[in-house]
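These are the residues of each chain, in order.
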Amino acid sequence: MSEKKMIPTRDGFGREIVELGKKNSDILVVDIDIGKSCKTGEFRKELPDQYINVGIAEQNGAGFAAGLATCGKIPFVVTYAVFGSLRMCEMIRQEICYPNLNVKIACSHGGVTPANDGASHQSIEDMGVLRTIPNMTVIMPADYNAARKLCREAAETYGPMYLRFTRDAVPQIYDEDVELTIGKAHQIRDGKDVAIIANGDTVRLAIEAAESLEKEGISARVLDMHTIKPLDVEAVTAAVREIGKVITVEDHNILNGLGSAVCEVAAEMGKGLVKRVGIQDQFGQSAPYERLLEINGITAGNIVKLAKEMQ
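Throughout, a residue's number is its position along its own chain's written sequence, starting from 1. Whole-chain, interface and lining totals are the exception, using all residues; otherwise, since this is a predicted model, local features are given only for residues with pLDDT of at least 70 and side-chain atom pairs are given and counted only at 80 or more. The side-chain figures draw on all heavy atoms in the structure; neither hydrogens nor water molecules are used.

Engineer: Could you clarify how one ought to interpret the overall build of the protein chain in this entry?
Structural biologist: Secondary structure elements are taken from DSSP: a helix is a run of H or I of four residues or more, a strand is a run of E of two residues or more, and numbering for both begins at the N terminus. Secondary structure summary: the protein chain contains 13 helices and 14 strands in total. Using C-alpha atoms as the atom set, the radius of gyration is obtained and then compared with a globule rule of 2.2 Å times the number of residues to the power 0.38. Relative to the 2.2 N^0.38 estimate, which gives 19 Å for 311 residues, the radius of gyration of the protein chain is 19 Å and therefore close to what a compact globule would have. Principal axes of the C-alpha set define a box for the protein chain whose edges measure 55 × 40 × 35 Å. Taken across its 311 residues, the protein chain has 59% of its residues classed as buried. Contacts between residues were defined by any pair of non-hydrogen atoms, one from each residue, lying within 4.5 Å. A sequence separation of at least 24 residues applies to 79% of the contacts in the protein chain between residues at least 6 apart. When the accessible surface of the protein chain is split by element, carbon and sulfur atoms take 46% of a total near 12300 Å². Accessible area is worked out with a 1.4 Å probe on protein chains only. A residue is then buried under 20% of its type maximum, exposed over 50%, and partly exposed in between. Accessible surface is estimated by sampling points in the Shrake-Rupley manner with a 1.4 Å probe; for residues, cover comes only from the protein chains shown.

Structural data, given as structure tokens:
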């Protein structure tokens with residue numbers, strides 16, 4: 001993949017939430033005292049009347065946001081992914097998803113992007129846990145512009161939603177005019193020999209692998225599955241039916257995440273071969289982001305290797 005601007009997806013959220021708040025005074029930020037890292041500082045400065053900091057109290061923040069939603073507000077609860085999913089899980093289930101309230105949970109530091117902060121801050125279970133809760137939508141954008149577009153879509157679509165962003169910078173894949181729809185995979189390139197389905201910060205690796213495979217005569221379809229719930233079953237079904245060989249790539253435990261969701265579709269179809277690339281059901285450690293991906297085989301080289309073995 002050619003060299004492109006590197007920028008964290010959390011920056012896209014920080015920019016877009018300000019624009020959304022200016023257009024709609026019902027949009028509020030419920031900050032868990034971590035605005036600097038989650039990029040809500042500009043929102044606080046420009047829209048102080050739409051900003052509430054509840055302190056380091058994630059569960060309280062979830063319940064508070066639920067109350068705001070019952071009054072017609074559109075609250076975005078903002079914290080780290082590991083806390084916004086696991087620490088808040090019971091409140092998300094009981095107070096947000098069960099009554100199907102219009103609360104958005106927008107979290108930075110998804111996957112192993114917290115890197116040197118270590119396993120306590122690396123969120124490898126979040127998307128899997130939250131996709132099992134009824135009424136919840138689970139989204140991870142691939143780059144800065146995708147984060148902006150999907151944040152806007154989330155604000156304009158009713159229902160509980162979890163948006164997961166990166167701390168580390170990732171390449172800018174999409175132009176500003178990219179059109180993305182919650183629940184619909186975005187096909188980046190077509191192919192006939194293998195389908196690579198990725199989301200979030202691993203989409204760049206899928207593109208890089210596809211480019212390498214093309215040089216070896218292997219044609220790869222690349223899908224950005226930015227929404228893992230609701231999963232684009234139609235796109236997965238087409239990949240299994242038309243190609244039959246699928247590789248999933250995610251910065252998340254291979255259990256219960258994107259790979260599992262795709263395998264569920266293939267199993268119900270009774271056909272296809274799926275290989276999962278992701279966190280190998282192990283906690284992380286304090287190490288650079290790229291090193292943590294490498295330890296788990298989340299690399300373009302490993303995707304290429306698997307694709308060649310499947311031919």
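From this point, the narrative continues.
Engineer: Would you take a moment to explain the nonpolar core for this structure?
Structural biologist: Generally speaking, nonpolar side chains in soluble globular proteins are found buried as a group. Nonpolar core, defined: a set of buried Ala, Val, Leu, Ile, Met, Phe, Trp, Tyr and Cys residues in which side-chain atoms within 4.5 Å join the residues together. Counting residues in hydrophobic clusters, the biggest one holds 66 residues, and the most contacted among them are Phe13, Ile17, Phe76, Ile196, Leu213, Ile247 and Val249. At seven residues, helix 9 (residues 203-215) tops the list of elements feeding residues into this core. With residues near it in sequence (within four places) discarded, Ile247 still touches Val194, Ala195, Ile196, Ile197, Lys275, Val277, Ile303, Leu306, Ala307 and Met310.

Engineer: Any chance you could explain the sheet that holds strand 11 (residues 220-224) here in plain terms?
Structural biologist: Through backbone hydrogen bonds, the strands of a sheet pair up, either in parallel or in antiparallel fashion. Spatial strand order, 9-11-10-13-14: five strands in an open sheet with mixed pairing. With one partner strand each, in any of the chains shown, strand 9 (186-189) and strand 14 (273-279) form the two edges of the open sheet. Direction aside, neighbouring strands of the sheet carry axes that sit 25° apart on average. Pairing between strands is defined by DSSP: at least two bridges between them are needed. In this sheet, strand 14 lies alongside strand 13 (residues 245-253) in parallel orientation, the contact comprising six bridges. Comment: axis = line fitted to C-alpha atoms, over the contacting stretch for helices; angle = value between 0 and 180 degrees taken between N-to-C directions.

Engineer: I would appreciate a short explanation of the side chain of Thr9 in the present structure.
Structural biologist: Along the chain, Thr9 falls in helix 1 (residues 9-23). If we ignore the near neighbours within four places in the chain, the residues touching Thr9 are Pro141, Ala142, Asp143, Tyr144, Ala147, Phe165, Thr166 and Val170.

Engineer: Just to check I follow, could you spell out the environment of Lys22 for this structure?
Structural biologist: Relative to the assigned elements, Lys22 resides in helix 1. The exposure class assigned to Lys22 is partly exposed, which follows from its relative accessible area of 47%. Considering only alpha carbons, one finds Lys22 and Phe43, 21 residues apart in sequence, at a separation of 9.3 Å. In this view, Lys22 contacts Glu46 and Leu47; residues no more than four positions away in its chain are not counted.

Engineer: Where do I start with the pairing of strand 7 (residues 161-164) in this structure?
Structural biologist: Within a regular beta strand, the side chains point alternately toward one face of the sheet and then the other, so they alternate between its two faces. Side chains Met161 and Leu163 project from strand 7 onto one buried face, and the interleaved Tyr162 and Arg164 project onto a second face that is buried too. Alignment of strand 5 (residues 104-108) against strand 7, held across four bridges, turns out to be parallel. Along strand 7, the bridge assignment pairs Ile105 with Tyr162. Judged from the three bridges that link them, strand 6 (residues 137-139) and strand 7 form a sheet pairing that is parallel.

Engineer: For this particular structure, what's the right way to read the sheet that holds strand 4 (residues 74-80)?
Structural biologist: The mixed open sheet is built from seven strands, whose spatial order is 3-2-4-5-7-6-12. Each of the sheet's edge strands pairs with one partner strand only, and the pair in question is strand 3 (51-53) and strand 12 (227-229). Along the sheet, successive strands turn relative to each other by an average axial angle of 20°, direction set aside. Of the strand pairs in this sheet, strand 4 and strand 5 are connected by five bridges, and their pairing is parallel. Across the sheet, Thr79 pairs through a bridge with Cys107, a residue of strand 5. Sheet strands in contact with helix 4 (residues 58-70) are strand 2 (27-31), strand 3 and strand 4, and its direction is about 170° off that of strand 4.

Engineer: What's the story with the pattern of salt bridges in this structure? I'm lost.
Structural biologist: Any two side chains of opposite charge can pair, on the condition that their charged atoms come close. A side-chain nitrogen of Lys or Arg and a carboxyl oxygen of Asp or Glu constitute a salt bridge if their distance falls within 4 Å. Scanning the entire structure with this criterion turns up 20 salt bridges. Ionic pairing is found between Glu46 and Lys22, a salt bridge with its closest N-O pair at 2.7 Å. Of this pair, Glu46 sits in helix 3 (residues 41-46) while Lys22 sits in helix 1, and the two are 24 residues apart along the sequence. Exposure remark for Glu46: the relative accessible area of 36% places this residue in the partly exposed category. Among the salt bridges present, the one from Lys73 reaches Asp26, with a minimum N-O distance of 3.2 Å. With Lys73 in the loop between helix 4 and strand 4 and Asp26 in the loop between helix 1 and strand 2, the pair connects residues that are 47 residues apart, well separated along the chain. Salt bridges linked by common partners bring Asp190, Arg221, Arg241 and Glu242 together as one network.

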